[in-house]
Amino acid sequence: MAFSIPPFLQFMFRRVLQIIPVVIAIAALNFLLLSLAPGDAADVISANNGGASAEEVQALRESLGLDRPMIVQFFSYMGGVLTLDLGQSYVRGMPVLDLVMSRVPATLLLMVTSLALAVLAGILLGILSSTRYGSLLDRVMSIISLLLYSTPHFWLALMMIVFFSVHLGLLPSGNIATIGGDFSFLGRVWDVFVHLILPAVTMAMFYIAVYMRLMRSSMLEVLDLDYITAARARGASEKKIAYSHAARNALLPVVTLAGVQIGHALGGSVLIETVFGWPGLGRLVYESLLERDTNTLMGILVVSSVLVIVVSLCIDLVCGLLDPRIVHK
Amino acid sequence: MKSARYLGAAATLALIATTAAQAQDACPTKGGTLTFSYTAEPVALSTLRTTAVTVSLMAGKIYEGLVSYEGPEMTPVPGLAESWDISEDGTVYTFHLRDGVKWHDGEPFTSADVKFGIENAIRPYHSRGKIFFGNVTSIETPDPLTVIFTLASPVEYFMQGFQMTSAPMLPKHILETLDVSDRQALINSSLTSEPIGTGPFKFKEWVHGDHITLTRNPDYWQAGLPCLDNIVMRSIPDGVARGIALENGEIDLLPMNSVLDSDIARFEDMDSLEVSMRGDEGLGGIIWLDVNNREEPLSDPMVRKAISLSLDRETIRDVIWYGYGVPARGPLVSTNPFFNEKLPELEFDLEKAAALLDEAGYPADANGHRFTITQRALPNGEKFIRLAEYVRQQLGKVGIEAKIETSDYAGWLKSVFTDYNYGITSTSTDNRNDPTIGTGRRFHTKNIKVGATFENAGAYSNPEVDRLFDEGAVAPTREARKAIFDEVQEILVDDMPVVYLLEIPRVSVWNAKVHGLITNGISFYDNWAKVYKEE
Amino acid sequence: MTSLLTVKSLCVGFPGKRGVLPAVEDLDFHIAPGETLAIVGESGSGKSTAALSIPGLLSRSSRPVVSGSVRFEGQEMLNMPDRKLARMRGPDVGMIFQDPSTSLNPVFTIGRQICEPLRTHMGLDARAAEARAIELLELVKVSAPEQRLAQYPHNLSGGMRQRVMIAIALACSPRLLIADEPTTALDVTVQAQVLRLISGLQKSLGMAVLLITHDLGVVWETADRVIVMYAGRKVEEGPVRRILSQPSHPYTEGLLRAARKEGRDGFLTEIPGVVPPPHQRPPGCAFEPRCARAIAACRAAVPAIRSTGPGQVAACIRAEEGQPA
Ligand SMILES: Nc1ncnc2c1ncn2[C@@H]1O[C@H](COP(=O)(O)OP(=O)(O)O)[C@@H](O)[C@H]1O
Ligand code: SF4
Ligand SMILES: [Mg+2]
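What this report covers is the structure whose coordinates are included nearby. A quick note: this is a predicted structure, and the numbers were derived from the prediction, not measured.

### Observations regarding the sheet that holds strand β10 (residues 233-239) of chain C
Residues and elements named next belong to chain C.
So, point 1. Read from one edge of the open sheet, 8 strands run β6-β7-β8-β3-β9-β10-β12-β11, paired in mixed fashion. The open sheet terminates on both sides in strands that have one partner only, identified here as β6 (93-96) and β11 (306-309). Neighbour-to-neighbour, the strand axes of the sheet open up by a mean angle of 20°, direction not taken into account.
So, point 2. Judged from the 4 bridges that link them, β6 and strand β7 (residues 176-180) form a sheet pairing that is parallel. What sits directly across from Val 93, in β7, is Leu 176.
So, point 3. Running over the sheet, helix α7 (residues 158-170) touches β6 and β7 and is turned about 175° from β6.

Next up, the structure:
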């Protein structure tokens, strides 16, 4: 009896197969760029140590394997990746996989929360704006979204801290949890949630503006389609038409964009993580880049590629749920 | 100026151990948590891997050196070693260890730990191991509480080698479980990630990228200490957010330049905060322009002096360094015990500079232009960029075009120390408290090596200077060494192989409720046993 | 009053760059309970605009300007608040659209869309609504109705979709069904089935039908009375038999001749030219540029509606002069 794989798994499998060469190409390109940048981890490590003799720097370089030709380093690295060995961090000495995975949950939490928040709020505000098309509310929201969109993250983040944390004393200004806090499981969840609010909301602000504008125009387009008139003709209320009939259809481009922006959000989180002292990947990227910690950078790249793939598969799933036509395409 | 008198090691011989009662007095309040932030989180918790500031800040509370140090001059005082004797000829050091000291895991601390750790980890792998222990021919342990170091020749600064950042005492019973022949294995081991030391604070947890918690060692050998219950290093990578957290009382301390320069003036006006430049005299931070002595015309001392004459150090301090710092007079900072008090202040005189350049044979052309050099800037923040701008502007006034090239830190290191692709560059360096350790390597001919970092990149070579540094290293008495280094300083000012700019003490800010932070020349690396926090 | 729906002086304009462009002007008609009124005319005559303005379904984004009066059982429907109007859509007025492929929401199941009016208007719970939905699908002759409920519009053929649309429109047993070219987008073979279905249901349910079409054959088979529209105006109205046998208006004549000749909808080879869009309408009779019988006076003023026979009216100054051979 032939074993048959469900179509969705086949589809996922194909997606992953398609993405592997892309990831390898990105990895190779990054490796090349990193090798072209002047200076290496041995220089930085010795300098951070207050300086070192030529022999010591060379010994360090050899012990890190940085004295080998670039191409050899690359293939030995990729060989490791295939066996799930991402090597050791040059600067931190930990296995890269441990180092990166210790940061992944925080980044995922921040990214997923803020994107979800942004998508949700953006959608609701977009619907609201589209149903009041041309009204004062619509125009005010347009202006606010433009402001949010063009406000530097950095400034916004600091203002949030100053207002909610310093001025009102409502929320903690940074970190992921109360240090030394002794909590029950639920207490810990609540504690992390409280710490998550400011960074997630700050990060969401920018995306809210994007999604709101997209949702609004998508809604306006859908609201003019025949099936909306048809729904109205059978007596559906305006609320139901906007939030159910039109929104469900207008959502697709927004969700698709959110999927595309996962990578963007990963990049944007560097700043937010820096200001809020959030222990995520973003900060590690920045530090590793300055330290020329190639192994760590490559590890982050590989892990985040996997993350992006997983997330975009989830987005595909969501799109499939939103629009039944997609599954059959 | 502070007195630079150095207390000879012999003078400490008779010092008696601090009693428990005294220790109690040292803690007006007990308990509490001191939370601090620095610019980044450490890459390890032992200086065995790196002596980077981040690491030294944490490691110094967990691991201790064989002796302790007091005052800005870093006078050795009893610590893990209760007392010590130094032979007449200065080649045999006998340490008498304190009885009853325990590692954080309960094992006793003995002479075997001292010998094993220095021989198998510190000397071969610690970045400062060879400076202090390279000359040691044997380490003997006649009994568990006695360690005898025998040196091939006298090393006058040997007692400085036991600082917690330079030679942390490491547990033999853990080292034995590791492959000590493999440097990587050792520096990546639990020694650097879950340290077991003898210090007043024990490692508790490290949430990577978020915080590190140390907690009091209840069995610390100084009964009643430490005063604090916990020390937390919280990661706040952004400078503005760090300032806010300090102001807001969420953290208690921003040590060693981790405060934004633009915040300092405001914090100085606040009663709730203490702003201080004390406590890092043992490091002796100084900035200068490294000059590539290989290249015409910078190989000409007259040209280097002309550059020095073109720069107004008070302007640099007041306009760029927010008023902090002291105009440098030579390679050593004025708080260094070996500083030559007779050195004059370095002049600022553009006309003299121009005249000197004419004399050196670099006349100005019709446009007032003499020659072009490449200038790099230490990639360490805004100030060094502004300094480069200032240097470019001033040199322009005397006809030298100093083109600015920028890069990130790794790129800068490569350009300056490997490719020598620079004419001048700002740099920041520490004297440490002995010229043999911190200064000689920047000017000695033997330190001209491609790829060496923070050594003699400029390829300055003067046999007289080499000779004096060599003699100064082995001269048996403090007085003899001082005389030698006084002479070196005069030559190094006269030749101006680099252009000395500013002594820059590190600024630290802390909550006024915190007391006892300033203990010696590397206070923030010290163990903070007596630091306490008012309720 | 025996009239179910009374439309008086209905004017609909769409704001454009050159001001409000009239799509429907000064339209009067009425429909009696159970009656079938057909509106015919070429594409662009304003049939859909007139039909959609009855239950207030004109595209909102084009900001239509509507005036006049639309009374359903004496109740004024123009400017009625949304909520109240929504309550009439379904139980009072049902509607079927031209293109079944775009009139069903692609992301909802058929079942959900049929159940929607049942649940909003008739207060049925999910189970009862589903049972009724199955009955409705049987009524419109959809095969395997139980399975259809879980299907999505893209799973159905065009004819099936239109049947579903009819089922939805009939769900609350409306007293007036507006069918805007219900067969135009369908295959020829399916067209007849759908029309037969509508007229069959009309008879059994006793509802009035406003049938919009440009197929005179369809009119002949199903309608009681006919309105002919041209360029936003009613140009002729009367009982089917009279209109088809003795048209008064040259435009109606043209339509009939074309239908006889080609039996195909769309182009009128008999009448050269097309319906002028609202901003290009000539003064006087809008049909004048295409009219073989036009005289100078036709351009002077919009011809008034006048009686031309029993129950028959037309808007042509030369209407009573009889038809050419
Ligand atoms: N939403 C709208 N916005 C602007 N103009 C419209 C709109 N709907 C219809 N029109 C115009 O009104 C006129 C009549 O169109 P329509 O009612 O669709 O005619 P028919 O249904 O008889 O083909 C046409 O000229 C058309 O361009
Ligand atoms: S009024 Fe004149 S132009 Fe218009 S239809 Fe009658 S005859 Fe033709
Ligand atoms: Mg139409």
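### A closer look at the nonpolar core
So, point 1. By size, the foremost hydrophobic cluster in this structure holds 77 residues, and its most contacted members are B:Leu66, B:Phe95, B:Phe133, B:Phe149 and B:Phe162.
So, point 2. Top element by residues in this core is helix α3 (residues 111-125) of chain B. It accounts for 6 residues.
So, point 3. Ignoring anything within four residues of it in the chain, the contact list for B:Phe162 reads B:Gly65, B:Leu66, B:Val67, B:Tyr69, B:Phe95, B:Ile118, B:Phe133, B:Phe149 and B:Ala167.
So, point 4. By size, the runner-up hydrophobic cluster in this structure holds 75 residues, among which are A:Ala118, B:Ala245, B:Ile251 and B:Val259.

### Regarding the site of ligand 2
So, point 1. In the vicinity of ligand 2, the contacting residues are C:His249, C:Pro250, C:Cys285, C:Phe287, C:Glu288, C:Cys291, C:Arg293, C:Ala294, C:Cys298, C:Pro303, C:Cys316 and C:Ile317.
So, point 2. Taken together, the residues of the shell around ligand 2 break down into 9 nonpolar, 1 polar and 2 charged.

### Section: the site of ligand 1
All names here are of chain C.
So, point 1. Ligand 1 sits among Phe 14, Ala 23, Glu 42, Ser 43, Gly 44, Ser 45, Gly 46, Lys 47, Ser 48, Thr 49, Ser 62 and Pro 278.
So, point 2. Ser 45 places a polar main-chain atom, nitrogen or oxygen, 3.2 Å from an oxygen atom of ligand 1.
So, point 3. For ligand 1, an oxygen atom lies 3.0 Å from a polar atom in the backbone of Gly 46.
So, point 4. Considering each element in turn, the shell around ligand 1 owes the most residues, 3 residues, to helix α1 (residues 47-53).
So, point 5. Looking at the shell around ligand 1 residue by residue, the class counts come to 3 nonpolar, 7 polar and 2 charged.

### Details of the packing of aromatic side chains
So, point 1. Under the criterion given, the structure shown has 37 aromatic pairs over all chains.
So, point 2. Seen from their ring centres, A:Phe31 and A:Tyr77 are 6.4 Å apart, and the 40° between their planes marks the pair as tilted. Taken together, the residues span a long stretch of sequence, with A:Phe31 in helix α1 (residues 7-36) and A:Tyr77 in helix α4 (residues 70-82) at a distance of 46 residues.
So, point 3. Assessed through its relative accessible area of 4%, A:Phe31 is described here as buried.
So, point 4. Assessed through its relative accessible area of 6%, A:Tyr77 is described here as buried.
So, point 5. With a centroid separation of 6.2 Å and 40° between ring planes, the pair formed by B:Trp84 and B:Phe95 is classed as tilted. With B:Trp84 in strand β4 (residues 81-86) and B:Phe95 in strand β5 (residues 92-97), this pair connects stretches of sequence that are 11 residues apart.
So, point 6. Among the aromatic side chains, those forming a connected cluster through ring pairs are B:Trp84, B:Tyr93, B:Phe95, B:Phe133, B:Phe149, B:Phe158 and B:Phe162.
So, point 7. If you follow B:Lys61 out to its NZ or CZ, it ends over the ring of B:Trp528, 3.8 Å from the centre.
So, point 8. Sitting above the plane of the C:Phe108 ring, C:Arg112 keeps its charged end 3.8 Å from the centroid.

### Quick notes on the state of the cysteines
Residues and elements named next belong to chain A.
So, point 1. Considering all chains together, one arrives at 1 disulfide over all chains under this definition.
So, point 2. Lacking any disulfide linkage, Cys 314 is separated from the closest cysteine sulfur, that of Cys 319, by 11 Å.
So, point 3. The class for Cys 314 is partly exposed, based on a relative accessible area of 42%.

### Things to note about the packing of helix α7 (residues 153-167) of chain A against helix α10 (residues 238-275) of chain A
Any two packed helices are characterised by how steeply their axes cross, that is the angle between the axes, and by the distance between the axes.
Residues and elements named next belong to chain A.
So, point 1. The N-to-C vectors of α7 and α10 enclose an angle of 30°; their axes lie 10 Å apart at closest approach. Taken together, α7 and α10 sit at an angle that is classed as roughly parallel. As α7 runs across α10, the sense of the crossing is right-handed. For the pair formed by α7 and α10, the contact residues are His 153, Phe 154, Ala 157, Leu 158 and Ile 161 on the first element and Leu 271, Ile 272 and Val 275 on the second.
So, point 2. Within the contact of α7 with α10, the residues separate by chemical class into 7 nonpolar, 1 polar and no charged.

### Here we look at the interface of chain C and chain A
So, point 1. At the junction of the two partners, chain C supplies 29 residues and chain A supplies 22 residues.
So, point 2. For the chain C and chain A pair, buried surface summed over both sides reaches about 2300 Å², with 55% attributable to carbon and sulfur atoms.
So, point 3. If you sort the residues of chain C by the area they bury against chain A, C:Pro106, C:Val107 and C:Glu116 come out on top, with a joint share of 24%.
So, point 4. Our count for the contact surface shared by chain C and chain A stands at 3 salt bridges.
So, point 5. As a salt-bridge pair, C:Glu116 and A:Lys240 come within 3.4 Å of each other at their nearest N and O atoms.
So, point 6. If you look at where chain C meets chain A, you find 13 residue pairs in polar contact (both at pLDDT 80 or more).
So, point 7. Contributions of two or more residues to the side of chain C that touches chain A are made by α2 (82-88), β6, α3 (100-103), α4 (110-122) and α7 of chain C.
So, point 8. Considering each element in turn, the side of chain C that touches chain A owes the most residues, 5 residues, to α4(C).

### Focus on the side chain of B:Thr436
Residues and elements named next belong to chain B.
So, point 1. Mapped onto the secondary structure, Thr 436 falls in helix α15 (residues 435-438).
So, point 2. The exposure class of Thr 436 is buried, given its relative accessible area of 18%.
So, point 3. There is a polar contact of 2.8 Å between the side chain of Thr 436 and the side chain of Arg 481.
So, point 4. When neighbours within four sequence positions are excluded, Thr 436 is seen to be in contact with Tyr 157, Gly 472, Ala 473, Arg 481 and Phe 485.

How each quantity is defined
Going along each chain's sequence as written, the residues are numbered from 1 onward. A letter from A marks each chain and a number from 1 marks each ligand, given out in the order of writing. Given that this is a predicted model, residues contribute local features only at a pLDDT of at least 70 and side-chain atom pairs are listed and counted only at 80 or more, while totals for whole chains, interfaces and linings are drawn from all residues. Water and hydrogen atoms were dropped before computing side-chain values, which therefore reflect all heavy atoms in the structure. Should DSSP find at least two bridges between two strands, the strands are regarded as paired. Only DSSP runs of H or I covering at least 4 residues are called helices, and only runs of E covering at least 2 are called strands; the numbering of each starts at the N terminus. Angles here are taken between N-to-C directions and fall from 0 to 180 degrees, while the axes themselves are lines fitted to C-alpha atoms, restricted in helices to the stretch in contact. Any two residues having at least one pair of non-hydrogen atoms within 4.5 Å are treated as being in contact. Only buried residues count toward a nonpolar core, which is a set of Ala, Val, Leu, Ile, Met, Phe, Trp, Tyr and Cys residues joined through side-chain atoms within 4.5 Å. Partly exposed residues are those whose accessible area sits between 20% and 50% of the maximum for their type, while under 20% is buried and over 50% is exposed, using a 1.4 Å probe and protein chains only. Nearness is judged by heavy atoms alone; a residue qualifies as near a molecule or strand once a single heavy atom is within 4 Å of it. For this classification, the nonpolar set comprises Ala, Val, Leu, Ile, Met, Phe, Trp, Tyr, Cys and Pro, the charged set comprises Asp, Glu, Lys and Arg, and every other residue, Gly included, is treated as polar. Counted as a polar contact is a pair of N or O atoms within 3.5 Å, where, for protein atoms, one must be capable of donating a hydrogen and the other of accepting one, and residues adjacent in sequence contribute only when both atoms are in side chains. In this scheme Phe, Tyr and Trp rings, the latter by its six-membered ring, pair at centre separations within 6.5 Å, and the angle between planes marks the pair as stacked below 30 degrees, edge-to-face above 60, and tilted otherwise. Whether a charge sits over a ring comes down to the Lys NZ or Arg CZ being within 6 Å of the ring centre and within 35 degrees of the ring normal. For this text, the term disulfide refers to a pair of cysteine sulfurs within 2.5 Å. The cut-offs work like this: below 35 degrees is roughly parallel, past 145 is roughly antiparallel, 65 to 115 is roughly perpendicular, and the gaps in between are oblique. By the definition used in this description, the sense in which the near helix is turned from the far one sets the handedness, with an anticlockwise turn below a right angle giving left-handed and a clockwise turn giving right-handed. What gets called buried area is simply the loss in accessible area from a 1.4 Å probe that two parts show on being joined, summed for both. Counted as salt bridges are all cases of a side-chain nitrogen of Lys or Arg within 4 Å of a carboxyl oxygen of Asp or Glu.

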